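Spelled out from the first residue to the last, the chains are:
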Amino acid sequence: MTDDDLSRLASRTQAVYERNAQRFDAERPKGLHERLWLDRFLDGLPPGGKILDLGCGAGIPIAAYFIGKGFAVTGLDASAAMIRLAKNVMPDGDWREGDMRGLDLNETFDGIIGWNSFFHLTRPEQRDVLPRLARHLESNGRLMLTVGPEDGEAVGQVGDDRIYHSSLSPDEYASILLVNQLAIKDFVIEDPQCDFQTILLAQKTE
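Now for a quick tour of the structure. Everything numeric here is computed off the predicted structure, so don't read it as measured data.

Thresholds applied
Residues numbered from 1 in each chain as written. Predicted model: local features only at pLDDT ≥ 70, side-chain atom pairs only at ≥ 80, totals over all residues. Heavy atoms only, no water. Pairing = 2+ DSSP bridges. Helix = DSSP H or I, 4+ residues; strand = E, 2+ residues; numbered from the N terminus. Axes fitted to C-alpha atoms, helices over the stretch in contact; angles between N-to-C directions. Buried < 20%, exposed > 50% of the residue type's maximum accessible area, 1.4 Å probe, protein only. Contact = heavy atoms within 4.5 Å. Polar contact = N/O pair within 3.5 Å; in protein donor to acceptor, adjacent residues only side chain to side chain. Phe/Tyr/Trp six-rings, centres within 6.5 Å; stacked < 30°, edge-to-face > 60°.

Considerations on the sheet that holds strand E2 (residues 72–77)
Here comes step 1: Read across the sheet, 7 strands follow the order E3-E2-E1-E4-E5-E9-E8 without closing on themselves; strand pairing throughout is mixed. Of all strands in the sheet, those bounded by a partner on one side alone are strand E3 (94–97) and strand E8 (182–191). Within this sheet the neighbouring strands show an average axis-to-axis angle of 15°, counted without direction.
Here comes step 2: The sheet contact formed by E8 and strand E9 (residues 197–204) spans 7 bridges and is antiparallel. Along E9, the bridge assignment pairs isoleucine 184 with alanine 202.

Pasting the structure below:
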């Protein structure tokens, strides 16, 4: 694909999830193959701490897992259809329609997770959003993101639609995070124990 094709595709991410919300939720694996990483993320967070789930989708299985562990979860998703699904399943939850690219909440969190969501941002958007995430973290707060194994762009699939992905290099992630008082605790490329996803786990140092 050309750069223009990728740029157009990147601009359609929200529309793709809006159109495919019910199908995506129905087809999304819910067996918690992510559990090992979710537990690593939770390790060290205060009991009952606040978690911001960016790109929460319909809330199952990840937000539901955290809620079941006693954490206070705020789910944010740019797709209104996804937020409606989450509210239908967990009406007492804190579900908010919003775009992480403009994240500016008047609150901070003990943990922020962007699982299979952050990597839909373009590389310039990721560079802009990382400091925003840092500002929304409490001291010693944790950040966990699924990213790519190297700098680049890729095309995936949601329903019958193509969807955009991108990643910075591991070194650039480390550099940006360090400037924003976050140190990488773990970075595993294509983890065979987690469906070959690439996971970044960082902790605020200030």
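Having seen the structure, we can now continue with the description.
Thoughts on the environment of leucine 177
Here comes step 1: Relative to the helices and strands, leucine 177 is located in helix H7 (residues 170–179).
Here comes step 2: The exposure class assigned to leucine 177 is buried, which follows from its relative accessible area of 1%.
Here comes step 3: Separated by 50 residues in the primary sequence, leucine 177 and arginine 127 place their C-alpha atoms 9.7 Å from one another.
Here comes step 4: Apart from the residues within four sequence positions on either side, leucine 177 is in contact with Leu130, Leu143, Leu182, Ile184, Leu200 and Ala202.

Structural notes on unusual backbone geometry
Apart from glycine, the bulk of residues carry a negative phi angle, and the bulk of peptide bonds sit in the trans form.
Here comes step 1: Cis geometry marks the peptide bond from isoleucine 60 to proline 61; its omega dihedral reads 15°.
Here comes step 2: At leucine 32, a position not held by glycine, the phi torsion is positive, near 60°.
Here comes step 3: Note that leucine 32 resides in the loop between helix H2 (13–27) and helix H3 (35–42).
Here comes step 4: Taking the relative accessible area as the measure of exposure, leucine 32 reaches 14% and is therefore buried.
Here comes step 5: Here the phi dihedral of glutamine 181 falls at roughly 60°; this positive angle occurs in a residue that is not glycine.
Here comes step 6: Counting through the fold element by element, glutamine 181 comes out in the loop between H7 and E8.
Here comes step 7: Given the relative accessible area of 33%, glutamine 181 is considered partly exposed.

Let's talk about the side chain of histidine 165
Here comes step 1: When you line up the elements, histidine 165 lands in strand E7 (residues 161–167).
Here comes step 2: In this structure the side chain of histidine 165 is engaged in a polar contact, spanning 3.5 Å, whose partner is the backbone nitrogen of glycine 156.
Here comes step 3: At 3.5 Å, the side chain of histidine 165 and the backbone oxygen of isoleucine 163 are in polar contact.
Here comes step 4: Sequence-distant contacts of histidine 165, defined by excluding residues within four places in its chain, comprise Phe119, His120, Gly152, Glu153, Ala154, Val155 and Gly156.

Observations concerning the packing of aromatic side chains
For any pair of aromatic rings, the description consists of the separation of the ring centres together with the inter-plane angle of the planes.
Here comes step 1: Summed over all chains, the structure comprises 3 aromatic pairs.
Here comes step 2: Both rings, one in tyrosine 17 and one in phenylalanine 24, keep their centres 5.3 Å apart while their planes meet at 85°; by these two values the pair is edge-to-face.
Here comes step 3: On the basis of relative accessibility, which here comes to 12%, the residue tyrosine 17 falls in the buried class.
Here comes step 4: Classification of phenylalanine 24 by relative accessible area gives partly exposed; the value is 27%.
Here comes step 5: Taking 6.4 Å as the distance between ring centres and 55° as the angle between the ring planes, the aromatic pair formed by tyrosine 65 and phenylalanine 66 counts as tilted.

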